[in-house]
Amino acid sequence: AGLAPKGGGRRPCAMPKQCATCGKEGAENKCPCKTAFYCDEACQRESWSVHRKKCTWDMARKVDKDRTKLGRDNPFVGLACLNLGSTLREQRRLPEAEEWLLEGLRIFLLEGGEQSP
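Residues numbered from 1 in each chain as written. Predicted model: local features only at pLDDT ≥ 70, side-chain atom pairs only at ≥ 80, totals over all residues. Heavy atoms only, no water.

1. Comments concerning the pattern of salt bridges
For step 1, the next point in the chain: For the coordinates displayed, the defined rule picks out eleven salt bridges.
For step 2, the next point in the chain: A salt bridge links Arg-52 to Asp-58; the shortest N-O distance between them is 3.5 Å.
For step 3, the next point in the chain: The class for Asp-58 is buried, based on a relative accessible area of 1%.
For step 4, the next point in the chain: For Arg-106, the salt bridge goes to Asp-73, with nearest N and O atoms at 2.7 Å. Of this pair, Arg-106 sits in helix H4 (residues 94–111) while Asp-73 sits in the loop between helix H2 (56–70) and helix H3 (75–90), and the two are 33 residues apart along the sequence. (Salt bridge = Lys/Arg side-chain N within 4 Å of Asp/Glu carboxyl O. Buried < 20%, exposed > 50% of the residue type's maximum accessible area, 1.4 Å probe, protein only. Helix = DSSP H or I, 4+ residues; strand = E, 2+ residues; numbered from the N terminus.)

Structure (structure tokens):
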């Protein structure tokens, strides 16, 4: 069971089909986060260390792994949800951002001894 929010609403890459590494037009390889295209695997590997910091697909995978390893309501999971929500907000993917931010808030409210919203 993946943690991807149900709403979808992903926005297309700002410069469709332009390689995020070399700038070459007609790039066909797309990151699963749908915000970057690459002309080949070499360009994708070259950019990965930079792209992964804002790759919402990779961030959601990490949240899923942390939930399995640490538990659904672990504060580290809450922090990861907040970080993912903030990144989505920066990308103007607001419905998805809201869902992740609310999940992070829910976890932190539980940790503080209050009831879940």
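Anyway, onward from the coordinates.
2. Regarding the packing of H2 against H3
Packed helices, taken two at a time, are described by the angle their axes make and the gap between the axes.
For step 1, the next point in the chain: Here H2 crosses H3 at 165 degrees, and the two axes come no closer than 9 Å. Classed by the angle they form, the pair H2 and H3 counts as roughly antiparallel. When the axes of H2 and H3 are compared, the crossing they make is left-handed. Where H2 abuts H3, its residues Thr-56, Met-59, Ala-60, Val-63, Asp-66, Arg-67 and Leu-70 lie against Phe-76, Val-77, Ala-80, Cys-81, Asn-83, Leu-84, Thr-87 and Leu-88.
For step 2, the next point in the chain: Of the residues contributing to the contact of H2 with H3, the split by class is ten nonpolar, three polar and two charged. (Axes fitted to C-alpha atoms, helices over the stretch in contact; angles between N-to-C directions. Parallel < 35°, antiparallel > 145°, perpendicular 65-115°, else oblique. Left-handed = near helix turned anticlockwise from the far one by under 90°. Contact = heavy atoms within 4.5 Å. Nonpolar A, V, L, I, M, F, W, Y, C, P; charged D, E, K, R; others polar.)

3. Focus: unusual backbone geometry
For step 1, the next point in the chain: Residues other than glycine seldom take positive phi values, yet Lys-34 does so here, at roughly 65 degrees.
For step 2, the next point in the chain: Looking at the secondary structure, you find Lys-34 in the loop between strand E1 (29–30) and strand E2 (37–38).
For step 3, the next point in the chain: By relative accessible area, Lys-34 is classed as partly exposed at 37%.
For step 4, the next point in the chain: With a phi close to 60 degrees, Arg-92 is a non-glycine residue in the positive phi region.
For step 5, the next point in the chain: Locating Arg-92 in the fold gives a position in the loop between H3 and H4.

4. Details of the environment of Glu-99
For step 1, the next point in the chain: Mapped onto the fold, Glu-99 is located in helix H4.
For step 2, the next point in the chain: On the basis of relative accessibility, which here comes to 35%, the residue Glu-99 falls in the partly exposed class.
For step 3, the next point in the chain: Distance from Glu-99 to Gly-85, taken between C-alpha atoms, is 7.4 Å for residues 14 residues apart in sequence.

5. Digging into the state of the cysteines
The bond known as a disulfide is covalent and runs between the sulfur atoms of two cysteines.
For step 1, the next point in the chain: Scanning the model with the defined rule gives zero disulfides in all.
For step 2, the next point in the chain: For the unlinked cysteine Cys-33, the closest cysteine sulfur is that of Cys-31, found at 3.6 Å.
For step 3, the next point in the chain: Of all cysteine sulfurs in the structure, the one in Cys-43 sits closest to Cys-39, which takes part in no disulfide; the separation is 3.5 Å. (Disulfide = S-S within 2.5 Å.)

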